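So you can see what is in the structure, the chains are spelled out below.
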Amino acid sequence: VCVPLDVNRLNNLFYNSHVVEKAGVKPASIKKPSDLVGAMKTVQQNTNAVGMAQQTKSPWSTLQLWVEVLIGEHGLDTYRSFYKGNTSGIQSEMKNAFDIVNQYRSLWNADAGSITFTAANKKVINGKAAFIHQGSWAAGPYYHDDGFNYGTDWNQVAFPGTSDYYVINLDSFPYPKNNPSPN
């Protein structure tokens, strides 16, 4: 038995509108995860920002990113096979998703290994990063920053290749079956 707290969409690509505009990148035109590599390189060639803000201090955000790359590059059936543990026929797709994330790594902020998600997300707000892949919770700090307005200063698109999907995260409090505790 679980008590749900919230539901968040995971397949978002948030971006700083000014940075991508200055770079000449159109986020809505990025069709698949491998195409995002070129967009991030363009950002780094044409601006002072990194292609993507990321934290690797804890593994969850990179694992979450890998899943979106797998879905976006190779489709839902490949992800379902992976999720069910049927990986023998999709090893090349899984490896390719790791390779793409590795290409992203060279376009992340240099301090990715020592910062938190919150610090990485602030890089989008302050224009030090063009993109960040995150769940819908990432928008909270954007809305609370009076000088960072939706549609003008920031926006989001579905992570490339996932526009037909709604990948969710459900936070909840699980309770053990037959819990003898009255509270």
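Further up the page is the structure itself.
Residues numbered from 1 in each chain as written. Predicted model: local features only at pLDDT ≥ 70, side-chain atom pairs only at ≥ 80, totals over all residues. Heavy atoms only, no water.

Inspection of the entire model under this criterion finds 13 aromatic pairs. Residues Phe14 and Tyr142 carry aromatic rings whose centres are separated by 5.7 Å and whose planes lie at 75 degrees to one another, so their mutual orientation is edge-to-face. One end of the pair, Phe14, is in strand β2 (residues 12–16); the other, Tyr142, is in helix α7 (residues 139–144), with 128 residues separating them in the sequence. The pair formed by Phe14 and Tyr142 is uniform in burial state, with each residue classed as buried. Summarising the aromatic geometry, the rings of Trp66 and Phe82 are spaced 5.0 Å apart at their centres and angled 70 degrees between planes, so their arrangement reads as edge-to-face. Remark: Phe82 occurs in helix α4 (residues 76–83) and Trp66 occurs in helix α3 (residues 60–74); sequence separation between them is 16 residues. (Phe/Tyr/Trp six-rings, centres within 6.5 Å; stacked < 30°, edge-to-face > 60°. Helix = DSSP H or I, 4+ residues; strand = E, 2+ residues; numbered from the N terminus. Buried < 20%, exposed > 50% of the residue type's maximum accessible area, 1.4 Å probe, protein only.)

Bringing the nonpolar core into the picture now. Within soluble globular proteins, side chains that are nonpolar generally end up buried alongside one another. Counting residues in hydrophobic clusters, the biggest one holds 34 residues, and the most contacted among them are Leu36, Tyr104 and Phe131. Put simply, the parts of the chain that give this core at least two residues each are β2, α1 (17–23), α2 (33–46), α3, α5 (91–105) and β4 (129–134). For this core, the leading source of residues is α3, giving six residues. The contacts of Tyr104, once residues within four sequence positions are left out, are Pro33, Ser34, Leu36, Val37, Met40, Met52, Leu65, Val69 and Phe159. Counting residues in each nonpolar core, the second largest holds 15 residues, with Val124, Ala138, Phe148 and Trp154 among its members. (Core = buried A, V, L, I, M, F, W, Y, C linked by side-chain atoms within 4.5 Å. Contact = heavy atoms within 4.5 Å.)

By themselves these figures say nothing about function.
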